[in-house]
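One-letter residues, chain by chain:
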Amino acid sequence: MTNSRRTFAIISHPDAGKTTLTEKLLLQGGAIHLAGQVKARGAARRARSDWMKIEQQRGISVTSSVMTFERTDADGNTITFNLLDTPGHEDFSEDTYRTLTAVDSAIMVIDAAKGIEPQTRKLFEVCRLRSLPIITFINKVDREGRACFDLMDEVADMLALDVCPMSWPVGMGGVFEGILDIASGRISRPEGPKKEFLGTVDEGAALPTEVAEELELAMAGYPEFDLDAYRSGDLTPVYFGSALKNFGVTELIEAIAALAPPPRPQPSEQGTIEPENKEVTGFIFKVQANMDPMHRDRIAFMRLVSGTFKRGMKLTPSGLGKAIAVHSPILFFAQDRELADSAEPGDIIGIPNHGTLRVGDTLSERNDVRFTGLPNFAPEILRRVQLKDPTKTKQLRKALDDLSEEGVIQVFYPELGSQWIVGVVGQLQLDVLISRLEAEYKVEAVLEASPFDTARWLKGDDKALRDFAEINKMNLAKDRDGDPVFMARSAWDVNYQQERNPDLAFSATKER
Ligand code: G4P
């Protein structure tokens with residue numbers, strides 16, 4: 001059943017507690033039995049290849065992964081959760097943006113002591129752009145934190161969003177006594193791994209006067225929960241808790257099951273595709289090469305949009321034009337990968353391939369759908385790639401093509417001159433590039449300053465493009481797909497050219 005899926009991402013600032021919360025969610029879903037395994041697994045994986053050393057050295061997570069777990073509620077309904085992990089570092093925003101195109105909702109984790117930090121703000125804006133429903137989890141309430149009202153107001157102000165308190169901490173910091181579930185009036189206490197209840201407020205469980213007053217203010221000061229407003233991305237329900245102490249996590253997972261939307265319809269050139277459609281369709285939002293360097297594997301992550309997928313099914317990728325049989329689709333669980341015999345809308349399957357599948361590809365049974373809404377972003381940093389050994393041009397080209405496809409970098413091949421240019425959204429991507437070139441492609445390269453500052457995709461009719469190219473050959477390049485790109489020396493340059501060439505669009509994003 002389609003409505004039994006909840007596909008979501010956790011967004012947060014590094015250190016807010018995303019890993020800890022992920023662990024606890026998986027634990028509650030019975031997917032793992034010991035806390036600490038998400039990290040342990042990460043460490044084992046990191047040990048495997050060179051580029052992941054960067055991840056280790058800097059204590060950040062570079063790749064995003066998928067974790068699936070199930071949970072049966074009190075009424076016996078089983079919900080399948082697909083949790084897409086997003087890299088917490090701002091440098092990897094492009095990869096993160098793409099992950100957010102594959103989810104139906106997001107959990108925003110905020111550190112109660114720190115509030116909302118700039119990176120989270122950026123992610124939040126992307127969620128707003130996509131009208132993604134967001135549940136807010138204010139973490140670490142077991143420690144001394146900022147005032148609850150300040151945190152809630154910060155969330156509300158950040159993007160003109162309504163906030164609605166669903167729970168409230170009873171005391172914070174040293175006097176933390178529990179979490180009050182506002183709807184039921186039950187107070188759970190932070191003792192032991194299991195939840196214990198102080199009782200309900202109606203039954204006379206004593207609330208400290210201070211909390212009772214706060215609560216009254218909160219109830220009067222914020223709107224009531226409204227499912228439609230949440231689902232359309234205009235209101236965020238706020239839960240307080242502690243991932244570390246496993247507190248408020250049950251409430252959170254119950255909220256995802258009860259409130260978070262089931263798989264959504266997806267826009268396409270042919271109109272909206274509903275999850276209930278019989279035809280199997282999906283799109284690739286991520287490709288990861290060399291996950292296992294021993295096997296040089298390459299996995300494309302597909303979000304299923306409609307139909308019931310069966311193993312061995314023939315699907316046509318839009319970029320290829322002919323059908324491929326999907327014999328070994330992979331489902332990702334907390335600790336394992338498994339062959340997927342079937343998958344439903346909202347599920348993510350990994351498809352091993354040798355370069356036939358690319359980010360932005362639509363897969364469909366009849367090759368009659370093209371999904372939209374998976375943009376490339378204009379790079380903010382451009383560098384010229386200089387080979388140390390000039391005989392390795394072919395290897396470099398292959399590597400740049402592969403890595404641009406994965407979304408690690410973007411690559412531009414200038415019309416004039418032979419030096420290729422790479423573009424990234426954040427500095428760290430450049431380190432990853434150099435390290436992966438060496439480890440996986442045996443190519444040593446250095447990055448030099450580029451004469452260009454930014455890039456814009458050009459769109460217009462053939463004549464307009466030709467006329468522009470004649471005068472601006474020095475500033476023209478092709479991207480990996482052969483599409484024309486204007487390489488600009490400054491933002492001013494872009495504006496100037498845009499004004500002089502009203503027939504051309506200078507676009508900061510490109511649909512993949
Ligand atoms: P991240 O994935 O968002 O980067 O955060 P992570 O879960 O790794 O948590 C960052 C730090 O915050 C960790 O401490 C973690 O134990 C702590 N933490 C997470 N949730 C809570 C909470 O609810 N309360 C308190 N008090 N701390 C919390 P660390 O010392 O940096 O790492 P470690 O030694 O625990 O591994």
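Residues numbered from 1 in each chain as written. Predicted model: local features only at pLDDT ≥ 70, side-chain atom pairs only at ≥ 80, totals over all residues. Heavy atoms only, no water.

1. Notes on the sheet that holds strand E28 (residues 476-478)
One open sheet accounts for 8 strands, arranged E26-E23-E25-E24-E28-E29-E27-E30; its pairing is antiparallel. One side of each edge strand has no neighbouring strand; the edge strands of this open sheet are strand E26 (445-449) and strand E30 (505-507). Direction aside, the axes of adjacent strands within the sheet are offset by 40° on average. Two strands pair when backbone bridges link them, and E28 and strand E29 (residues 484-488) are joined in this way by 3 bridges, in the antiparallel orientation. Paired with Ala477 across the strands is Val485, a residue of E29. Lying over the sheet, helix H11 (residues 428-441) contacts strand E23 (381-387), strand E25 (421-424) and E26, oriented at roughly 150° with respect to E26. Of the strands in this sheet, strand E27 (454-459), E29 and E30 touch helix H13 (residues 491-500), which is tilted by about 125° from E29. (Pairing = 2+ DSSP bridges. Helix = DSSP H or I, 4+ residues; strand = E, 2+ residues; numbered from the N terminus. Axes fitted to C-alpha atoms, helices over the stretch in contact; angles between N-to-C directions. Contact = heavy atoms within 4.5 Å.)

2. A look at the site of the ligand
Taken together, 17 residues lie around the ligand, and Asp15, Lys18, Thr19, Thr20 and Ser242 are the ones closest in. The contact in question runs from an oxygen atom of the ligand to an N or O atom on the backbone of Asp15, over 2.6 Å. Take Asn139: an N or O atom from its side chain is 3.1 Å from an oxygen atom of the ligand. Burial of the ligand by the protein chains amounts to 67% of its free accessible area of 710 Å². In terms of residue count, the dominant contributor to the shell around the ligand is helix H1 (residues 18-28) (3 residues). Class assignment for the residues of the shell around the ligand results in 4 nonpolar, 7 polar and 6 charged. (Near = heavy atom within 4 Å. Polar contact = N/O pair within 3.5 Å; in protein donor to acceptor, adjacent residues only side chain to side chain. Areas by Shrake-Rupley, 256 points an atom, 1.4 Å probe, with all protein chains shown as cover. Nonpolar A, V, L, I, M, F, W, Y, C, P; charged D, E, K, R; others polar.)

3. With respect to the nonpolar core
The biggest cluster of nonpolar side chains holds 54 residues, and the ones touching the most others in it are Leu100, Met108, Trp168, Phe240 and Phe285. Among the elements that line this core, the one with the most residues is helix H6 (residues 148-158), at 6 residues. Setting aside residues up to four positions removed in sequence, Phe240 forms contacts with Phe137, Ile138, Val141, Cys148, Met152, Ser167, Trp168, Pro169, Ile179 and Gly248. Residues Leu21, Phe69, Ala255 and Leu259 belong to the second largest nonpolar core, which totals 29 residues. (Core = buried A, V, L, I, M, F, W, Y, C linked by side-chain atoms within 4.5 Å. Buried < 20%, exposed > 50% of the residue type's maximum accessible area, 1.4 Å probe, protein only.)

4. A short note on the pairing of strand E2 (residues 66-72)
In terms of burial, E2 is a largely internal element, 5 of the 7 residues being buried. The sheet contact formed by E2 and strand E3 (residues 78-85) spans 7 bridges and is antiparallel. What sits directly across from Glu70, in E3, is Thr80. Counting the residues that bridge the hairpin from E2 to E3 gives 5 residues, and of these Gly76 lies at a positive phi of roughly 85°.

5. Details of the sheet that holds strand E6 (residues 162-165)
Strand-to-strand pairing in sheets goes through backbone hydrogen bonds, with the strands running parallel or antiparallel. Strand order across the open sheet formed by 7 strands is E2-E3-E1-E4-E5-E11-E6, with mixed pairing between neighbours. This sheet does not close on itself; its edge strands, each paired only once, are E2 and E6. Here the average twist between neighbouring strands, direction ignored, is 30°.

6. Some words on the environment of Thr308
Structurally, the position occupied by Thr308 is in the loop between strand E13 (298-306) and strand E14 (309-310). You can call Thr308 partly exposed: its relative accessible area is 32%. In this structure, the C-alpha to C-alpha distance between Thr308 and Val280, residues 28 residues apart in sequence, is 6.1 Å. Contacts of Thr308, omitting those with residues within four sequence positions, involve Lys278, Val280, Met313, Ala343 and Glu344. Polar contacts involving the side chain of Thr308 include one to the side chain of Glu344, which spans 3.3 Å.

In short, the description is geometric, and any link to function would need to be established separately.
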